[in-house]
Protein chains: 2
Amino acid sequence: MSLVDDLVAALGADRVKAHPLELRVYDKDAGVARGPVAAVALPESTAEVVACVKAARTWGVPIVARGAGTGLAGGAVPTEPALIVALTRMNTIHEVDLENRTAWVGPGVINLDLSAHTTPMGFHYAPDPSSQSVCTIGGNVGTNAGGPHCLAEGTTVAHILAVEMVTVDGEIVELGGPAPDPIGLDLRAVVVGSEGTMGLVTRVLVKLTPNAPDVRTLLLAYPTIEGAAETVSQTIAAGIIPAALEIMDRPMVQAVENFVHAGYPTESAAVLLAEVTGHPAAVTAEAGQIERIALQAGTTEVRSAVDAAERDLLWLGRKSAFGAVAQSAPDYYLHDTVVPRTRLVETMTRLYEIADRFEISMLNVFHAGDGNLHPLVAFDGRDEGARERVMEAAEEMVRVSLEVGGSLSGEHGIGLEKRDLMADVFSPIDLDAQARLRDAFDPDGALNPGKILPHGSRCYDFGMQPPLSQEPAL
Amino acid sequence: MSLVDDLVAALGADRVKAHPLELRVYDKDAGVARGPVAAVALPESTAEVVACVKAARTWGVPIVARGAGTGLAGGAVPTEPALIVALTRMNTIHEVDLENRTAWVGPGVINLDLSAHTTPMGFHYAPDPSSQSVCTIGGNVGTNAGGPHCLAEGTTVAHILAVEMVTVDGEIVELGGPAPDPIGLDLRAVVVGSEGTMGLVTRVLVKLTPNAPDVRTLLLAYPTIEGAAETVSQTIAAGIIPAALEIMDRPMVQAVENFVHAGYPTESAAVLLAEVTGHPAAVTAEAGQIERIALQAGTTEVRSAVDAAERDLLWLGRKSAFGAVAQSAPDYYLHDTVVPRTRLVETMTRLYEIADRFEISMLNVFHAGDGNLHPLVAFDGRDEGARERVMEAAEEMVRVSLEVGGSLSGEHGIGLEKRDLMADVFSPIDLDAQARLRDAFDPDGALNPGKILPHGSRCYDFGMQPPLSQEPAL
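Predicted model only: the values in this text are computed from it and were never measured.

A. Spotlight on the environment of S194(B). For S194(B), the position within the fold is in the loop between α7 (187-191) and β10 (200-207). Overall, the relative accessible area of 2% leaves S194(B) in the buried class. The spatial distance from the C-alpha of S194(B) to the C-alpha of V61(B) is 20 Å, given a sequence separation of 133 residues. When sequence neighbours within four positions are dropped, the list of residues in contact with S194(B) reads L185(A), G142(B) and I452(B). Among the polar contacts listed, one links the side chain of S194(B) to the backbone oxygen of V191(B), at a separation of 2.7 Å.

Here it is, written out as C-alpha cells:
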C-alpha cells in the first residue's frame, strides 16, 4: 500500500497523478520557483477532499492546495515532497441567490466564468485579477487576490461571506455566513489569504455586486510618468473614487502595442486608464472632472469609451500585459508591492535606477489608485547569471517599497517569494501571533508547510528561533 | 500584597477602583445582566495596560476590557470576579493621515468625537452606532459595531486597518497594517468582534471616509409596515444602495414624538428614513427614484431634507429612539438579529404575535436595508415576573429570526445574551474551530471568560462537552 494506492482507491486512477512527467506540471505556479511533488489528486467533491487529506495524513505527506496555478509568489509550490490537491474540478456554481446577492460556488470555478454566469442577471463578482479568465475563486481566496477594480470594491476578502473548509483532521467546517456582520470569531477573514495553511476550502459563499448602471472609460496619455501619477492623486483628492486607475509605462505600452495592436500611443511616457461607474449623471460629471484634472497635469491625449466595444478595446492592452511580455522574453518575474500613493513617483524613479544598475529590462503596469506596483522584469533564464541578477534586483526593489512605507504584497500573497522578508515587516511577537493561530489549526505543519511565516517563527515560543539564513535553499 | 496593591503601584490610587460602590458602576453594560467585579483599572497608556494584565495574571484574576459600557449583549459584563480594564482614558487621536485617509486613535476615543475632529478636514469615520455620541472606538472594535450608515459602508470590520493589542502574556502585538491588502494571516479581522477574548486593544488604525459631496434625506410615511418594507426591497432591487434605510413602527414613532417633538407623523403605521449620498446629480436622480417607488408602495407623506438642519430634524427621532423608550418605562430589553431582507414582513408579523401573547410592549426601529431588526421591549423590572416574561419572549424572538434564515446578532455582539444560542447556529466542529483560535491566544481562559462560545465548546477536543443546561445561572 502507498499514498497513491489510497488515493486511487478513493478517487479512481484517472484523477490521481504519480508519473514524474505528470508531476512536473504541478511543481510550479506562474512564478519562477519549482518544488517537489509526491502525488497529485483531483477531487470532485468535499468528501473526496476529506479522503485526500486523510490519505496524506496516514502516509505523513504534507498537503498543498492548488487552483489554476496562476499565482506568482510560489504559494502553491511545495517546499517538501507534498500531495498537491488540485481543486480545479470542483467548478460547480451551486446556487445563485439574487435576492440576497450571494452565490455558493466550488473553489475550482473560474473567476470570469462566475461573472459571465451572473452578468445577465444584473450582477458580477467584483475582484478581477489580470488572470481572471483562468484563475479560480479558490485560488483568489488563498491569495486574497486583487485586480484593477479592487480600488473601489476592495480585494477578495471583502467579497467572501463564508467558506466550507476541510481541516487537517479531515473535518468539514463552515466559517462565516450570509449575515453582513458575521457572529462569533471571524475566522472567514483569516482563511482568505492564508494560502491553504488553515485548511482546504471546498465551497465559497461569494458576494455578488450589482452591475453598474453606467460606465465610462478614459485613456489618457502623458509625456511624463509624473503627469499620470499627478492625475491619480488629484482625482482622489477631489473625492472621486474611480472604479479603476491603472498606469502603464512606455516599455509596457510598447510591448502590448506590439502584441495586440490596440492603438495605444506608443510615443507617450505613460498611459493612464481611468474608469468611473455609477449613476449616468454622476459618471458624466466625474469623467469630465478627471479629464480637466488630466489636462492640468499635462495629458497630451484623451480617449473616451462610452460603449462596451470601445471599452474592451481600451482595456485590451492592459489585460494583455503579461501575454505581451511572455512574447518578448521567455521568462519574467513580476513584483507586487504596495507603496503610499503619495510616494509613487519617487518609488518608480528608484525602481528604474535599480533596473538600470542591474541591466535588466523592466516594464511597469500598476494599480495606481492604491499604490499597488507591479514592476515586471523580462529575461531569458538560459542566459548565464540572468536569473540570479533578476532575483537580486527583485529583493532590492521590494526593500525600496518597504523603505518608503509600503507593504510586502499587494495581492499576490507571500508564498515562498516573500516569506523571509516577513521578518522585515513584523516583529517576532507579531509573527508569533500568526504562528499561534496557524499552530492551532495545523499543529503538525502538514498544510502547505514553509509558507507565509519565515523559518523559525513557529518555534518562537520555545526560544529556538534559528537565524533566517539557516533556511535551506529550495 | 494584593491585586489592588499591584494596580495602585502601577497606575496610582486614583485610577484604581476597589470600593463596592465604585465597582457597582462597572458591573453591567446597557443590557440587563450584572456580574461580579474584583477591581477596576483605568490605564492611560499601553504600558499601563501591560501592567494591568501582568498584575491580573499574577493574582489569577480574569480580565475584562471595557469601553463606555453601552453594549447591550453583556460583552463587558464579567461572568466571574474579574479585573475590569476600562480603556476610556486612552482617548487620544494620535495621528490623522489625510493623504492615506487613516487615523491612529486610542480605544477610548468616542466615535462621534473622531468624526467631529476629521469632518472639517473632509473626512469622517463611517460606522455610526446609535450610541455614537458616547460609545468608544475600542468598544466598536470589540463588538464589530454597526449603525444606520453601515448598509452602504459596511460594519466596523471594514473600517479597521490595524490594531495594537496587549496579549494575555502582556506582550504588545500589532495586527494588520495600512496596506489595502494586509499581508500574512489576517488576525486584524478576528480581533474585531472578539469582545476582548483575544487581547486588549490599545491603539486602532481606522480608515477615514470622504464626506459625501451631497446628501438627501427622505422621510416617508406609510399606512402599513408592508409598504415601508416594499419600498426597501424595490429600492435595492432597482440597484440603488442608499447610505441608510431605517424603519420605525407606530409604537416607536409615537414614543419618539412624545420625547423630542420632531414632527413625526404619529398616525402612520410605519416611517421609513432613506438617505442617499454621492455626486449631486446622482443624489437628485436616486432620491427621485426612491420617491416614485414609495408612492407606488402607498406612501402617504414624503418629506425631503436638503440642508444639514432639515436633515438633523428628520434624524432626530431615529437617534432619540432609545432615550424615548427609557423615558416611557424604567427598563428595556433590545434585541439585535438579522433576517433576510426578503422575509422582513413575515418576521415582523411573528414578532408582534409573540409580543401580544406575552403581553409585552414592543417597539421597533431597524436597519431595514440589511434586515437588521431591533425589536425593543419596554418593561418595569419591579413588576412581578416581568423580567422573566421578557426574557422568555426574547428567546422566542431570536429563534424566529433563526428559523427564517437569519443570524444571531447584527451588530451588538454575542456577549452573555446569545452565547448559549451559538450552538443553534454552529455545529460542534464549527465551534471547535473558534475555540482553537481562542485557546491559541488565551490558553488559560483569562480574557473575558465565558463569552462568545457556549459553555463546553472549548472542551470539545477532550470529549467532555457537558449539556448546555448545566451552565450555572449567572
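B. Fine view of helix α11 (residues 308-319) of chain B. All names here are of chain B. Those residues of α11 that sit buried are R311, L314, W315, G317 and R318. Along the axis of α11, the buried residues cluster in a sector spanning 150 degrees; they form a single face. Exposed residues lying more than 90 degrees from the buried face of α11 are A309 and D312. Here α11 starts with a cap whose side-chain oxygen sits 3.2 Å from the backbone nitrogen of A309, and that cap is D307.

C. Expanded view of the pattern of salt bridges. Residue and element names in this part refer to chain A. One pass over the full model with this rule turns up 36 salt bridges over all chains. Across the salt bridge formed by R343 and E346, the nearest N and O atoms sit 2.9 Å from each other. Its salt-bridge partner being R382, residue D380 comes within 2.8 Å of it at the nearest N-O pair. Residue classification places R382 among the exposed residues on the basis of a relative accessible area of 69%. Put simply, R15, E44, E48 and R89 are held in one network by salt bridges that share partners.

D. Molecular detail of the relation of the copies chain A and chain B. When chain A is brought onto chain B, the operation consists of a screw motion whose angular component is 180 degrees and whose axial shift is 0.0 Å, with 0.0 Å RMSD remaining. Both copies are brought into coincidence by an operation consistent with a two-fold rotation axis. Of the interface residues in chain A, 100% have counterparts in chain B that sit at the interface too, so the contact is made through matching surfaces.

E. The sheet that holds β10(B), seen in detail. Residue and element names in this part refer to chain B. Read from one edge of the open sheet, 5 strands run β5-β6-β10-β8-β9, paired in antiparallel fashion. This sheet does not close on itself; its edge strands, each paired only once, are β5 (93-97) and β9 (172-176). Within the sheet, the average angular offset between the axes of one strand and its neighbour, ignoring direction, is 15 degrees. With 4 bridges connecting them, β5 and strand β6 (residues 102-105) associate as antiparallel partners. Along β6, the bridge assignment pairs E95 with W104. Running at roughly 50 degrees to strand β8 (residues 160-166), helix α3 (residues 46-58) makes contact with β8, β9 and β10 of the sheet.

F. Structural view of the sheet that holds strand β1 (residues 16-17) of chain A. All names here are of chain A. One open sheet holds the 4 strands; their spatial order is β1-β2-β4-β3, and the pairing between them is mixed. Either end of the sheet is taken by a strand with one partner, and the two such strands are β1 and β3 (63-66). As defined by bridge partners, strand β2 (residues 37-41) adjoins strand β4 (residues 82-86) across 4 bridges and the pair is classed as parallel. Bridge pairing in β4 links V37 to A82. Contacting β1, β2 and β4, helix α1 (residues 3-11) runs over the sheet at an angle of about 5 degrees to β2.

G. Local environment of the interface of chain A and chain B. Each partner contributes to the interface: chain A provides 61 residues, whereas chain B provides 62 residues. Between chain A and chain B, roughly 5000 Å² of surface is buried when both sides are summed, and carbon and sulfur atoms account for 62% of that area. If you look at where chain A meets chain B, you find 4 salt bridges. Close ionic contact of R436(B) with D169(A) constitutes a salt bridge, the shortest N to O distance being 3.4 Å. Of the residues forming the side of chain A that touches chain B, the biggest block, 10 residues, is contributed by helix α16 (residues 428-441) of chain A. Classifying every residue of the side of chain A that touches chain B gives 32 nonpolar, 14 polar and 15 charged.

H. Just unusual backbone geometry, in detail. Residue and element names in this part refer to chain A. The phi dihedral of R101 falls on the positive side, at around 60 degrees, and the residue is not glycine. Positionally, R101 belongs in the loop between β5 (93-97) and β6 (102-105). The phi dihedral of E195 falls on the positive side, at around 55 degrees, and the residue is not glycine. With a relative accessible area of 8%, E195 lands in the buried category.

I. Layout of the domain arrangement of chain A. All names here are of chain A. With domains assigned, chain A is organised as domain 1 (3-86), domain 2 (93-210) and domain 3 (214-323). For domain 1 versus domain 2, the separation of C-alpha centres amounts to 22 Å. Listed by partner, the interface residues are 13 residues for domain 1 and 14 residues for domain 2. For the pair domain 1 and domain 2, the two sides together bury roughly 1100 Å², of which 73% comes from carbon and sulfur. Together, T46, V53 and T70 form the three largest contributors to the area buried by domain 1 at its contact with domain 2, with a combined 36%. Between the two partners, domain 1 and domain 2, sit 0 salt bridges. Those elements that place two or more of their residues in the side of domain 1 that touches domain 2 are α3 (46-58) and β3. The leading source of residues in the side of domain 1 that touches domain 2 is α3, at 6 residues. Within the side of domain 1 that touches domain 2, the residues separate by chemical class into 7 nonpolar, 4 polar and 2 charged.

Quick notes on the rules
Residues numbered from 1 in each chain as written. Chains lettered and ligands numbered in written order. Predicted model: local features only at pLDDT ≥ 70, side-chain atom pairs only at ≥ 80, totals over all residues. Heavy atoms only, no water. Helix = DSSP H or I, 4+ residues; strand = E, 2+ residues; numbered from the N terminus. Buried < 20%, exposed > 50% of the residue type's maximum accessible area, 1.4 Å probe, protein only. Contact = heavy atoms within 4.5 Å. Polar contact = N/O pair within 3.5 Å; in protein donor to acceptor, adjacent residues only side chain to side chain. Arc of directions from axis to C-beta. Salt bridge = Lys/Arg side-chain N within 4 Å of Asp/Glu carboxyl O. Least-squares fit on C-alpha atoms with pLDDT ≥ 70 in both. Pairing = 2+ DSSP bridges. Axes fitted to C-alpha atoms, helices over the stretch in contact; angles between N-to-C directions. Buried area = accessible area lost by both parts, 1.4 Å probe. Nonpolar A, V, L, I, M, F, W, Y, C, P; charged D, E, K, R; others polar. Domains from an automatic or database assignment.

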